[in-house]
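Residues per chain are reported as follows:
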Amino acid sequence: AGVSDADAAGAIACGQISAHPRICGSGRTSPEMLEMIAGAGDSGRWLDVGRVIVFDSTRVEMEDSGLNHRFHHTLHKILTLEGARDGASLRFDYDPATNMIEIRQVRIHRPDSTFVEIDPAGAIDAFAPAHSIYWGGRMKVLALSRLEPGDAVEVLTYKKGFQIAYLMEVDEDEERFIPPMRGHYYDSVLFGEGSPFLAKHYQLIVPREKIVQYSVYNGEVYSALAYTDSSSIYEWWATDQEAVAHEPREPARSDFVPKVVMATVPDWPEKSRWFFTVNDPVFAWNEEIQQKVDELIRGLRTDDEKFAALTHWVADNIRYSGLNMGKGEGYTIHPSVMTWEERCGVCKDIAGMLVTFVRAAGYTTYPAMTMAGARVEAVPADQFNHCVVAVKLDDGSYRMLDPTWVPQSRDVWSKAEGEQHYVIGSPEGEELCAIRSFAAEESPVRITFRTKLDKAGTLEGEVELVGDGYMDRRLRGALAYRGRPQWDAYVARMLSAISPSIELIEAEFDDFRNYDKPMRYVARFRIGGYAAVTDSTIDFRIPSLRFLADCQRFVRVVGLAPAEERAHPALFWATCVAEVEEKLTLPRSYEFETELPECDLKRDAATLSAESEAKGKKLQFHQRLSLEKRTVPAEEWNDLAELADSLNSLAATRIHGKR
């Protein structure tokens, strides 16, 4: 059950959901329930949160086939008027292709020891909001009677089936609820919420012959195991947890909140073999696909050249849009011939298209499951949200390709996917693997300024930007997703960090569709009155320093604020380095008078150096900013904030010259 979001609130406002739900019963709250509600406290105990979860209890009963029945019982107490507003309705998402949900009971317990029961039949069943993936997901939304601080909402639901991104198709109606890896169960349960909770409990009941392996990560969770003649009963629970506060640039919460990962699958090779078996038939191709592959690799000599040509065509020509193909959608990779004809799909379909292309080119190739943006633990549970491609080389190693993440990029595997776990679906069976870390130097951006000041204080100059690796993607993508008339405005906004009154004279751009060389921009600009000039002095700030200190599009540590206390790591996706050079010339007869800015700040997560040299009226300035870690531990956050502060100090430094 989820409390109201903007979609549910909007549905109420436009009359899709009744703002006056049907009351189907009332009565006296039991003494035990009253004691729990009272013991949860109020807003004086729980500061800055709208509700507290009194208990959250899940019971899962698994059948031998893998079909599972999930009973969910929650009680949350409203603490503030904001919490009452946000809890005005309940939302339950489901996918009719693979699961179903029943709202069995909803009660609102009042502070006067009474309760009212809301009729679940009043819930509206509607399409869930969708963006880029249109598979027919639905939601049931139920409006509640007016809530006040002190009220408590009790909800019981029953859900049958599974949710998974891509697997195989089944036929019989009841079969659609059985997980495609038949006879198995897996789950990842987080014991950390956006609201505080007093108790969270998860119980799994499986046939006695099923063996569940599990591990606890990121903290402490209690556990117990019991048996009956026919079942094994696993239990996990936690108590008295504060709300998990959001922090800037935090990774997926599964990386840092306490969690239990469980699976009946014995090991990764078995999951790998199964993934290969259920998907392999969809990669057949027709003559039209073969002709395109032959055209793309004609004249290319090396494997890498061929992989790049095939990956870039798929990345740039199969757009990301998940259209519903009907029965089996959401857990079946589209046949490659279908993706070829429709020229669209989600990651699994785009990866499937590339698997087919590379096979048609004569290589042994398989799809692979991966998790973008979060860690995959050692327990072989389904912990994946993305699909990529693995090409088996002659020496038995694999070359990884990801067409979904490299449109408008020179890479065939994004530098933002370093350290990412994956499992290849092969007939032999593969273990859990991980992509290597990428060094900052593999994603450089080189920024070169050539500037001069005249006696009126006008600054004229030229800047050249060249990016490779992930920085190539940043420069190239900025053009690819804008029309040509918008390119100049984009560069002008970027340069406005130097001065809001900047005038862009001219900008030149390399062809963003040419992947043979790193992406390059050149822009010429003018800023009137940039320097304060008198008959004997000149005063200004160094343009390149001001540019970098405000340019988060290249190095994301720019602008970070210190934190008194940080609990979670920070995810920056890609390491990178920015090399900035500037050659600045003063007006004739002027020379530099003040000490020039310098910096040498070295931290484990990032480094910043700045050095300059002045000769007469000419200044040469060099700055290097590097982000060395993709994921930065919480205790190193303030090192990055210190670096960002140093950037600002350099940018604010005023340079003085005299005649």
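So, how was this worked out
Residues numbered from 1 in each chain as written. Predicted model: local features only at pLDDT ≥ 70, side-chain atom pairs only at ≥ 80, totals over all residues. Heavy atoms only, no water. Core = buried A, V, L, I, M, F, W, Y, C linked by side-chain atoms within 4.5 Å. Buried < 20%, exposed > 50% of the residue type's maximum accessible area, 1.4 Å probe, protein only. Helix = DSSP H or I, 4+ residues; strand = E, 2+ residues; numbered from the N terminus. Contact = heavy atoms within 4.5 Å. Axes fitted to C-alpha atoms, helices over the stretch in contact; angles between N-to-C directions. Left-handed = near helix turned anticlockwise from the far one by under 90°. Nonpolar A, V, L, I, M, F, W, Y, C, P; charged D, E, K, R; others polar. Phe/Tyr/Trp six-rings, centres within 6.5 Å; stacked < 30°, edge-to-face > 60°. Pairing = 2+ DSSP bridges. Salt bridge = Lys/Arg side-chain N within 4 Å of Asp/Glu carboxyl O. Parallel < 35°, antiparallel > 145°, perpendicular 65-115°, else oblique.

J.: How would you summarise the nonpolar core if you had to cite specific residues and measurements?
T.: Tyr521, Phe540, Phe547 and Phe554 are the most contacted members of the largest nonpolar core, which totals 73 residues. When residues of this core are assigned to their parent elements, the largest contribution, seven residues, is made by helix 12 (residues 637-652). Leave out the neighbours within four places in its chain, and Tyr521 touches Val463, Glu464, Leu465, Leu475, Arg476, Ala478, Leu479, Tyr490, Val491, Met494, Glu508 and Phe509. By size, the runner-up hydrophobic cluster in this structure holds 29 residues, among which are Leu296, Phe307, Leu354 and Ala360.

J.: Any details on unusual backbone geometry? Residues and values, ideally.
T.: Its identity is not glycine, yet Ser132 carries a phi of approximately 75°, on the positive side. On the secondary structure map, Ser132 appears in the loop between strand 8 (124-127) and strand 9 (133-134). Residue Arg249 is not a glycine yet carries a positive backbone phi of 60°. Following the sequence through the fold, Arg249 ends up in the loop between strand 16 (231-241) and strand 17 (259-263). The exposure class of Arg249 is partly exposed, given its relative accessible area of 29%.

J.: Account for the packing of helix 6 (residues 303-317) against helix 8 (residues 347-360), with residues named and values stated.
T.: Two packed helices can be described by the angle between their axes and the distance between those axes. Two numbers describe how helix 6 lies on helix 8: the axes approach to 10 Å, and their chain directions differ by 145°. Of the two possible hands of crossing, helix 6 and helix 8 adopt the one that is right-handed. Residues Phe307, Leu310, Thr311, Trp313 and Val314 of helix 6 touch helix 8, and the partners they reach there are Ile350, Met353, Leu354, Phe357 and Val358. A per-class count over the contact of helix 6 with helix 8 returns nine nonpolar, one polar and no charged.

J.: Pulling in residues and values, what's your account of the packing of aromatic side chains?
T.: Taken as a whole and judged by the stated rule, the model has 21 aromatic pairs. Ring centres of Tyr234 and Trp236 lie 6.1 Å apart, and the angle between their planes is 10°; this geometry places the pair in the stacked category. With respect to burial, Tyr234 and Trp236 carry one shared label: buried. Between Trp268 and Phe384 the ring centres are 5.7 Å apart and the planes differ by 65°, which places this aromatic pair in the edge-to-face class. With a gap of 116 residues between them, Trp268 in helix 4 (residues 268-279) and Phe384 in the loop between strand 21 (364-370) and strand 22 (386-392) connect regions that are remote in the sequence.

J.: Explain the sheet that holds strand 14 (residues 213-217) to me, using residue names and the numbers behind them.
T.: Spatially, 12-17-14 is the arrangement adopted by the three strands of the open sheet, whose pairing is antiparallel. Each end of this open sheet is capped by a strand with a single partner; those strands are strand 12 (186-190) and strand 14. Neighbour to neighbour, the strand axes of the sheet diverge by 10° on average, direction disregarded. Inspection of the sheet shows strand 12 paired to strand 17 by five bridges, in the antiparallel sense. Paired with Ser188 across the strands is Val261, a residue of strand 17.

J.: Now, about the pairing of strand 11 (residues 152-161): what can you tell me, with residues and values included?
T.: Most of strand 11 sits out of view: nine of its 10 residues are buried. Across nine bridges, the pairing between strand 4 (residues 68-78) and strand 11 is antiparallel. Bridge pairing links Lys77 to Ala152 in strand 11. Alignment of strand 6 (residues 99-109) against strand 11, held across 10 bridges, turns out to be antiparallel.

J.: Help me get a handle on the pairing of strand 24 (residues 421-424), residues and values and all.
T.: Burial of strand 24 is two-sided: the residues His421 and Val423 facing one way and the residues Tyr422 and Ile424 facing the other way are all buried. As paired strands, strand 21 and strand 24 are joined by three bridges and run antiparallel to one another. Residue Thr370 lies in a different strand from strand 24, and its bridge partner there is Tyr422. Note that strand 24 and strand 25 (residues 433-434) share two bridges and pair antiparallel. Each residue of the ladder has a partner; that of Tyr422, found in strand 25, is Cys433.

J.: Explain the sheet that holds strand 31 (residues 537-541) to me, and be specific about the residues and the numbers.
T.: Across the sheet, which stays open at both edges, the four strands sit in the order 30-31-39-34 with antiparallel pairing between neighbours. The open sheet terminates on both sides in strands that have one partner only, identified here as strand 30 (532-533) and strand 34 (591-592). Pairing between strand 31 and strand 39 (residues 654-658): five bridges, direction antiparallel. Pairing of Arg541 across the sheet is with Arg654, part of strand 39.

J.: Mind laying out the environment of Gly161, listing which residues take part and the relevant values?
T.: Residue position: Gly161 is located in strand 11. On a C-alpha basis, the gap between Gly161 and Asn286 in space is 36 Å, while along the polypeptide they are 125 residues apart. Discounting chain neighbours no more than four positions away, the residues touching Gly161 are Asn68, Thr98, Asn99 and Phe177.

J.: Pulling in residues and values, what's your account of the pattern of salt bridges?
T.: Per the stated rule, a full pass over the model turns up 43 salt bridges. As a salt-bridge pair, Asp187 and Arg70 come within 3.3 Å of each other at their nearest N and O atoms. One end of the pair, Asp187, is in strand 12; the other, Arg70, is in strand 4, and 117 residues separate them in sequence. Note on Asp187: relative accessible area 17%, which makes it buried. Each of Arg450, Glu462, Glu506, Glu508 and Arg524 takes part in one network of salt bridges that share partners.

J.: Report on the environment of Ala243, specifying residues and quantitative values.
T.: Mapped onto the elements, Ala243 comes out in the loop between strand 16 and strand 17. Along the primary structure Ala243 and Phe449 are separated by 206 residues, whereas in three dimensions their C-alpha atoms are 48 Å apart. The residues touching Ala243, leaving out its near neighbours within four places in the chain, are Val49, Glu193, Gly194, Ser195 and Pro196.

J.: Account for the packing of helix 5 (residues 287-297) against helix 6, naming residues and giving values.
T.: Where helix 5 contacts helix 6, the two axes come as close as 9 Å, and the packing angle between them is 130°. By the criterion of interaxial angle, the relationship of helix 5 to helix 6 is oblique. At the point where helix 5 passes helix 6, the crossing takes the right-handed sense. Across the interface between the two elements, Lys292, Val293, Leu296 and Ile297 of helix 5 pack against Lys306, Ala309, Leu310 and Trp313 of helix 6.

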